[in-house]
Amino acid sequence: MRIDFIDPFLDATEEIIREILNIEPKRGEMELKEQESIPDIGVFVGLTGQASGRMLINFDRELASKIIEVMNGEQHTLDSEMGQATIGELGNMITGRAITKLYERGFHFNLTPPSVIVGNNVKISTLGIETLSVPYELEYGKLEINISIKENV
Amino acid sequence: MKIIEEHINKKQPEGLKPDGTPYNILIIDDSMFIVKQLSQILASESYNIIDTATDGEEGVRKYKELYPKVDLVTLDITMPKKDGLQVLKEIIDFDKEAKVIIISAIGKQDFVKEALLLGAKNYIVKPLNREKVLERIKKVLM
Amino acid sequence: MTRQILTILLDNDIFGIDVRVIQEVIKAFDVRRIPDAPNFIEGIINLRGEIIPLIKIKRLLETDFFDLYKNKKVIILNFGEGNKIGLVVDKVLRIISYEDTEIKPLETISVSKIAEYIIGTIERDKQKISIIDIMPIFYSSNGSFLYKRFFTKNNTDVFISKNLFYKIKEKLEKINFPFNNLTKEGVIKYISKIANIKGKSIEEIIKDDNIFSTSHFSFNEERTCFFENKPDMYLIDEIIESLVYEKKKSINLWVLGNPTGEDARSIAIIFYVYKSINSKIRIINSYNDYDKLKSGLNKEYKESYLKNIPSSLIEEFFENSTNGFVLKKEIEKTICFDFFCPNPKFSPSNIDIIYAPNFILKNFDKISLLMNNFYKALNKNGKLITGLFENIENFENRFKKYYIKNRLVFIKE
């Protein structure tokens, strides 16, 4: 996957995490995957424009709960509407920031409204599109950002 | 003396017009989270959230129904069904004097330019910052 | 005494050859390649029924010439006794007469091999001409023609004594060569291949410490210069030439193993030497370490990194920047830095040339995934160029083996 595409997503994730949670995310080893699994909760944001695909961010239960708590000033469960709206909003902000960065590099992308999936080990495959998976370790748990992009030539 | 001073020095909430009535804000956003966050920020300065809409069509309909009571609209660009810029166009077509602020996660120059050209009065990029939101809204309403 | 020389151009320098050994000058044509021949041998041609070997004088003299010019000329040298050689040169200029007394000795003490063969220099029209002493290049002091042995069929079976093998092993271990990934036969084959390339014997190779510090033995992903592995670049140029000739709409290359981009950038320059190409060029520079890749983006180069490029051409390819030189934007635009690791599914597609020296070696644990990725990526007739090391052991059976410019290349048929 082009690193011009990867950079903006990683920078956006790290920046937003820092701004919202005030903690430093630690990046792990990245790899190309054919299938991802959502252990507890994930947010899906579609990408359109110069390339199509989507971004999927997985959170484990503990991290998701903490994020919801910090962003709302109060606790909500992962199943609640507010809890999911919060995670959806986080996905939206990260993707939006990434798209802004991509624009600054000359790439024109747009995003779709987010979808939130709560499940127990849901497996997802992107047929035919390369998926790059980058894990992060945070104080409160783990997250994984999966970028699937296919350039529209 | 002290009490009078306190009374005089107490800041007038930004959400109140000179005559003491609150400004009416219509929030158009599909994210429950953003609706709540904006409402909290605006209510803290006594703005009145006259209504909210979770999609563009509903938003245009409500603006027309409530007209001319809405003083300001906050509008998200990325929504299902109808695209935010299209909603902006429809509101401005209906009411040339409409005051619309775009709230979006995307900060692309070309989006901002287009929104402003279509008639939006200002543009706020998420994450929302209380000071930033209040300052921009105050500016637009002046 | 008055003498006459034919002047030729090699890069930006003018050299002269005594006309008495020159039979004729022709344009290079229909060269037949010889597999496993040393790299200073271009191949053989059939000149009116006579088989004449072509020698690239730039390579023979081991100078750092930039050998990418097109439309070469061949000077047929006739030494008598049936010994003829074709010399491949860039340009043939004209015949000049001079007096022995005009010759000035070489001013500087040059370490390069070519200086051994220069009688001295003369001046004509304010230009310096170096006069080559042609006989010692091709004849030994006792009068035997030196290069006959390379034109006879090579015996592929090489035998070395136990002693010699241990000496080789020692040398290899000292430089951290991945010796254990090769069988004993593989090691012997590898060393004899290098001996062949250099036109030396195995014993000479073992004794020469300099050779062990060259790119043949380095598995470093770091290249510090452009065109650091020239033989590979010339090979790629040859393949590119045929693709350009085919007038393909787009030419796609996949380069792996050098995260900071020197290989990819050198190849991008090769396209620009052509001056006008109608095909769309795309070079994907892949590696499996994201941070190393990032450090190669928009890299600025000091002048020493460009030492393999003639200074007259640096202006054409590079721009000045704060810390040195950067490749010109139009050239840099053809390259895309890409994160890639061997995987069961995804690889680029529509690729004409894969250049992956030592990448297979570095990803040995995922070799079948990687070879699948390579096979799927290539177009029909697409070529895979691996490092010399990887050519020795048989990692792959699906591709066909061909020799181009005396180098092994895998082709997807």
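Computed from a predicted structure; not experimentally measured.

Parameters at a glance
- Residues numbered from 1 in each chain as written.
- Chains lettered and ligands numbered in written order.
- Predicted model: local features only at pLDDT ≥ 70, side-chain atom pairs only at ≥ 80, totals over all residues.
- Helix = DSSP H or I, 4+ residues; strand = E, 2+ residues; numbered from the N terminus.
- Buried ≥ 20, exposed ≤ 12 C-beta atoms within 10 Å, placed from the backbone.
- Contact = placed C-beta atoms within 7 Å.
- Nonpolar A, V, L, I, M, F, W, Y, C, P; charged D, E, K, R; others polar.
- Core = buried A, V, L, I, M, F, W, Y, C linked by C-beta atoms within 7 Å.
- Domains from an automatic or database assignment.
- Pairing = 2+ DSSP bridges.
- Axes fitted to C-alpha atoms, helices over the stretch in contact; angles between N-to-C directions.
- Expected span 1.5 Å × (residues − 1).
- Parallel < 35°, antiparallel > 145°, perpendicular 65-115°, else oblique.
- Left-handed = near helix turned anticlockwise from the far one by under 90°.

Undergrad: Tell me about the overall build of chain C, and please be specific about residues and values.
TA: Across its full length, chain C carries 13 helices and 19 strands. Going through the 413 residues of chain C one by one, you find that 32% of them count as buried. Looking at chain C alone, contacts between residues at least 24 apart form 67% of all its contacts between residues at least 6 apart.

Undergrad: Give me the lowdown on the interface of chain C and chain A, citing residues and values where you can.
TA: Between chain C and chain A, the residue contacts involve 12 residues of the former and 10 residues of the latter. In terms of residue count, strand S15 (residues 335-339) of chain C provides more of the side of chain C that touches chain A than any other element does, four residues in total. A class-by-class count of the residues in the side of chain C that touches chain A yields eight nonpolar, one polar and three charged.

Undergrad: Give me the lowdown on the nonpolar core, citing residues and values where you can.
TA: Nonpolar side chains tend to gather and get buried jointly when the protein is soluble and globular. Residues Ile6 of chain A, Val73 of chain B together with Ile354 of chain C are the most contacted members of the largest nonpolar core, which totals 131 residues. Broken down by element, the residue count for this core peaks at nine residues, all from helix H3 (residues 81-104) of chain A. Domain assignment of the residues forming this core places at least three in each of domain 2 (162-217) and domain 3 (230-411) of chain C. If sequence neighbours within four positions are ignored, Val73 of chain B has contacts with Leu26, Ile28, Tyr63, Ile91, Ala98, Lys99 and Val100 of chain B. Ile8, Ile17, Leu54 and Ile75 of chain C belong to the second-largest nonpolar core, a separate cluster that totals 25 residues.

Undergrad: Pulling in residues and values, what's your account of the interface of chain B and chain A?
TA: Taken together, the 15 residues of chain B in the interface contact 18 residues of chain A. Ranked by the residues each element gives to the side of chain B that touches chain A, the list is headed by helix H2 (residues 32-43) of chain B, at three residues. Considering only residue class, the side of chain B that touches chain A consists of eight nonpolar, four polar and three charged.

Undergrad: Please provide a residue-by-residue account of the sheet that holds strand S6 (residues 73-78) of chain C, values included.
TA: All names here are of chain C. Reading across the sheet, the five strands line up as S3-S6-S7-S5-S4 and stay open at both edges, with mixed pairing between neighbours. Two strands close off the open sheet at either side, each with one partner strand: strand S3 (22-27) and strand S4 (41-47). Shown here is a sheet whose adjacent strand axes are inclined to one another by a mean of 30°, direction ignored. As judged from the three bridges shared by strand S5 (residues 50-56) and strand S7 (residues 84-89), these two strands associate in the parallel manner. Across the sheet, Leu54 pairs through a bridge with Gly86, a residue of S7.

Undergrad: Which residues make up helix H7 (residues 262-273) of chain C, and what are the values?
TA: Quick reminder: α-helices carry 3.6 residues per turn. Residues three or four places apart thus point the same way. All names here are of chain C. End to end, H7 covers 17 Å across 12 residues, agreeing with the expected 16 Å (1.5 Å per residue, within 8%). Along H7, the residues that are buried comprise Glu262, Asp263, Ala264, Arg265, Ser266, Ile267, Ala268 and Ile269. Positive phi appears at Lys275, one or two residues downstream of H7, with a value of about 75°.

Undergrad: Help me get a handle on the pairing of strand S9 (residues 131-138) of chain A, residues and values and all.
TA: Residues and elements named next belong to chain A. Judged from the two bridges that link them, strand S1 (residues 26-27) and S9 form a sheet pairing that is antiparallel. Paired with Lys26 across the strands is Glu137, a residue of S9. Looking at chain direction, strand S2 (residues 31-33) and S9 are connected through three bridges and run antiparallel. Across the sheet, residue Glu31 finds its bridge partner in S9, namely Ser133.

Undergrad: Outline the sheet that holds strand S2 (residues 13-18) of chain C, supporting the account with residue identities and numerical values.
TA: All names here are of chain C. Taken in spatial order, the five strands make up an open sheet running S8-S1-S2-S10-S9, and their pairing is mixed. What marks the edges here is a single partner per strand, and that holds for strand S8 (91-99) and strand S9 (118-124). The mean angle between the axes of side-by-side strands here comes to 35°, regardless of whether they run parallel or antiparallel. In the sheet, strand S1 (residues 2-10) pairs with S2 via six bridges, with the strands oriented antiparallel. Residue pairing across strands places Ile5 opposite Asp18, the latter belonging to S2.

Undergrad: Give me the lowdown on the packing of helix H1 (residues 3-21) of chain A against H3 of chain A, citing residues and values where you can.
TA: When two helices pack together, their arrangement is given by the angle between the helix axes and the distance between those axes. Residues and elements named next belong to chain A. Taken N-terminus to C-terminus, the directions of H1 and H3 make an angle of 135°; their axes are 8 Å apart at the nearest point. Considering their axes alone, H1 and H3 lie oblique with respect to each other. Of the two elements, H1 crosses H3, and the hand of that crossing is right-handed. Counted together, Pro8, Phe9, Asp11, Ala12, Thr13, Glu15 and Ile16 of H1 and Met93, Ile94, Arg97, Ala98, Lys101 and Leu102 of H3 form the full contact between these two elements. Looking at the contact of H1 with H3, its residues break down into eight nonpolar, one polar and four charged.

Undergrad: Would you mind going over the environment of Arg124 of chain C in detail, with residue names and values included?
TA: Position of Arg124 of chain C relative to the elements: it lies in strand S9. Those residues within four positions of Arg124 of chain C in sequence are excluded, and the remaining contacts are Ile96 and Ile129 of chain C.

Undergrad: How would you explain the packing of H3 of chain A against H2 of chain B if you had to name every residue and give the values?
TA: Relative orientation of the contacting elements H3 of chain A and H2 of chain B amounts to 95°, with a least axis distance of 7 Å. By the angle class used here, H3 of chain A and H2 of chain B are roughly perpendicular. Judged by residue contacts, Glu81, Met82, Ala85, Thr86 and Glu89 of chain A of H3 of chain A engage Met32, Phe33 and Ile34 of chain B from H2 of chain B. Across the contact of H3 of chain A with H2 of chain B, the residue classes break down as five nonpolar, one polar and two charged.

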